[in-house]
Amino acid sequence: PKNSKAQDNTEGEIKELQKSLPNETWFVWPMYLYQGLWCLKYTLEGVIAFRTHFQAHDSDIILASLPKTGTAWLKSVLYTIVNRKGLSSNNFSQHPFNSKNPHELVLNFEMQVYNNKLENHLNLTEIPSPRLFASHMPYSSLPHSIKTSKCRIVYVCRNPFDTFVSIWHFYLRFEASEGIKPDMEMMEKYVDKFCTGVSPWEPYEDHVLRYWKESKQNPQKALFLEYEGLKKEPKEHLKRLAEFVGCPFSEEEEKGNVIDEIIELCSIKSLKEMEVNKSGKVVPRFENKAFFRKGEVGDWTNYLTPTMVEQFDQMLEKLKMAGFCF
Ligand code: A3P
């Protein structure tokens, strides 16, 4: 079967389930607590179907991340590393990024592949290997076959301050469309939600910590990357990433500046300038341009008050105690 859609829950069953679950709001979206995960309304069906049906292949590469931590960036880098044959700055204008946003080239399981409403009728078994996918799900909630197969997981994390500020700008677009004006009180409310784990998926620190631990215990399985590190030393990070996914750069490629070309092609400046990212939409609810804002480290200093920073610091204690520091 394609995605075994026939066995999936009906719309009515999902609605019934939603009624029975604890709920909260995340900006304009309802959010439900399903098996320990805060799922935005439009992801619940996909979460269930993904966990029920996905069969990993040993050659699969899965990008895991929390929202607004650099997912689109890593998707573009991974896609380019894996499909780099013939890449040269001379032919950037013909690259798939000109007609497709990274979210269309590397699909998210719970929001795209397994979400019926997007009418994504993919035949997963026909996708050439290595298949590239993405997910925001916590490690513990991933389908069994991802954990037991030899497929590889690349995790990207970003400091929670900038992650929050990015979330704030991204979701406010919808608030604005519903006529709600953001103010300091509203920001405080969302900092509070974020820092107490009432935010999509699982609490920030648990999400990061679990993937980080997996990368330490099982380095063949999971590669843990930091947005800030990628910004600072992109070349070193791309080399590690390419090796990890089994597509290392040859000496010839290194001498021929292929790595620099990938860095340039996947830079926020370059992606922002693509026509498809100025006007297109990946899925009905998201404009492509919403995915490319500033792409800087430290923008949070322009937004967060000392009290808010303290709340983040408290949340980070758990990570620090486990030996993880930004
Ligand atoms: P800012 O809002 O801080 O600018 P995600 O892809 O997980 O939704 O993350 C979005 C964040 O990554 C946004 O951060 C966005 O601007 C930034 N971003 C997108 N493309 C990028 C790129 N090529 N390089 C660096 N950052 C990028």
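What comes next is a walk through the structure. Given the structure is predicted, the values throughout are model-derived calculations rather than measurements.

Here we take up the overall build of the chain. Looking only at helices and strands, the chain features 16 helices and 10 strands. Its C-alpha atoms give the chain a radius of gyration of 19 Å, within 12% of the compact-globule value 20 Å for 326 residues. Dimensions of the chain along its principal axes, counting C-alpha atoms only, are 55 × 50 × 45 Å. In the chain, which comprises 326 residues, the share counted as buried stands at 55%. Summarising the internal contacts of the chain: among those between residues at least 6 apart in sequence, 74% fall at separations of at least 24. For the chain, the accessible surface area stands at approximately 15,300 Å², while carbon and sulfur atoms represent 49% of it. Across the chain, the mean location of the 41 positive side-chain charges is 3 Å away from that of the 43 negative side-chain charges.

Next up on the list: the layout of surface pockets. Volume-wise, the largest pocket comes out at about 830 Å³. Around the largest pocket, the lining is made up of 49 residues, and of these Lys 68, Gly 70, Thr 71, Ala 72 and Phe 291 lie nearest the centre. Of all elements in the fold, only helix H3 (71–82), helix H5 (109–113), strand S6 (132–135), helix H7 (160–177), helix H10 (227–232), helix H14 (268–273) and strand S9 (281–283) reach the threshold of two or more residues within the lining of the largest pocket. Considering every element that reaches the lining of the largest pocket, the biggest residue donor is H7, with seven residues. Tallied by class, residues from the lining of the largest pocket come to 25 nonpolar, 13 polar and 11 charged. By volume, the second largest pocket amounts to about 300 Å³.

Moving on: the packing of helix H9 (residues 204–217) against helix H16 (residues 306–321). Orientation of H9 relative to H16, taken along the N-to-C sense of each, is 20°, at an axis distance of 9 Å. In terms of orientation, H9 and H16 fall into the roughly parallel class. As H9 runs across H16, the sense of the crossing is right-handed. The segment H9 lies against H16, with Tyr 204, Glu 205, Asp 206, Val 208 and Leu 209 engaging Met 315, Leu 316, Lys 318 and Leu 319. Of the residues assigned to the contact of H9 with H16, the class counts are six nonpolar, no polar and three charged.

The next subject is the nonpolar core. One finds Phe 54, Ile 146 and Tyr 171 to be the most contacted residues of the largest nonpolar core, which totals 74 residues. Element by element, the count of residues in this core is highest for H7, at nine residues. If we ignore the near neighbours within four places in the chain, the residues touching Phe 54 are Ala 49, Asp 60, Ile 62, Phe 109, Tyr 114, Leu 124, Arg 131, Phe 133, Pro 143, Ser 145 and Ile 146. With 39 residues, the next largest nonpolar core counts Leu 74, Val 77, Phe 244 and Ile 262 among its residues.

Across the sheet, which stays open at both edges, the five strands sit in the order S5-S6-S4-S7-S8 with parallel pairing between neighbours. The sheet is open, and its two edges are formed by strand S5 (107–108) and strand S8 (222–226), each paired on a single side. Inspection of the sheet shows S5 paired to S6 by two bridges, in the parallel sense. Paired with Leu 107 across the two strands is Phe 133, which belongs to S6. In this fold H3 packs onto strand S4 (61–65), S5, S6, strand S7 (152–157) and S8, with an angle of close to 165° to the strand it touches most, S4. Contacts from H9 reach S4, S7 and S8, with the element oriented near 130° to S8.

Criteria and cut-off values
- Residues numbered from 1 in each chain as written.
- Predicted model: local features only at pLDDT ≥ 70, side-chain atom pairs only at ≥ 80, totals over all residues.
- Heavy atoms only, no water.
- Helix = DSSP H or I, 4+ residues; strand = E, 2+ residues; numbered from the N terminus.
- Rg over C-alpha atoms; globule rule 2.2 N^0.38 Å.
- Buried < 20%, exposed > 50% of the residue type's maximum accessible area, 1.4 Å probe, protein only.
- Contact = heavy atoms within 4.5 Å.
- Areas by Shrake-Rupley, 256 points an atom, 1.4 Å probe, with all protein chains shown as cover.
- Lys, Arg positive; Asp, Glu negative; His and termini not counted.
- Charge placed at Lys NZ, Arg CZ, Asp CG, Glu CD.
- 1 Å grid on protein atoms, 1.4 Å probe; cavity = no way out; pocket = protein on both sides within 12 Å on 5 of 7 lines; lining within 4 Å.
- Points joined across faces, edges and corners; volume = space filled by probe spheres on them.
- Nonpolar A, V, L, I, M, F, W, Y, C, P; charged D, E, K, R; others polar.
- Axes fitted to C-alpha atoms, helices over the stretch in contact; angles between N-to-C directions.
- Parallel < 35°, antiparallel > 145°, perpendicular 65-115°, else oblique.
- Left-handed = near helix turned anticlockwise from the far one by under 90°.
- Core = buried A, V, L, I, M, F, W, Y, C linked by side-chain atoms within 4.5 Å.
- Pairing = 2+ DSSP bridges.

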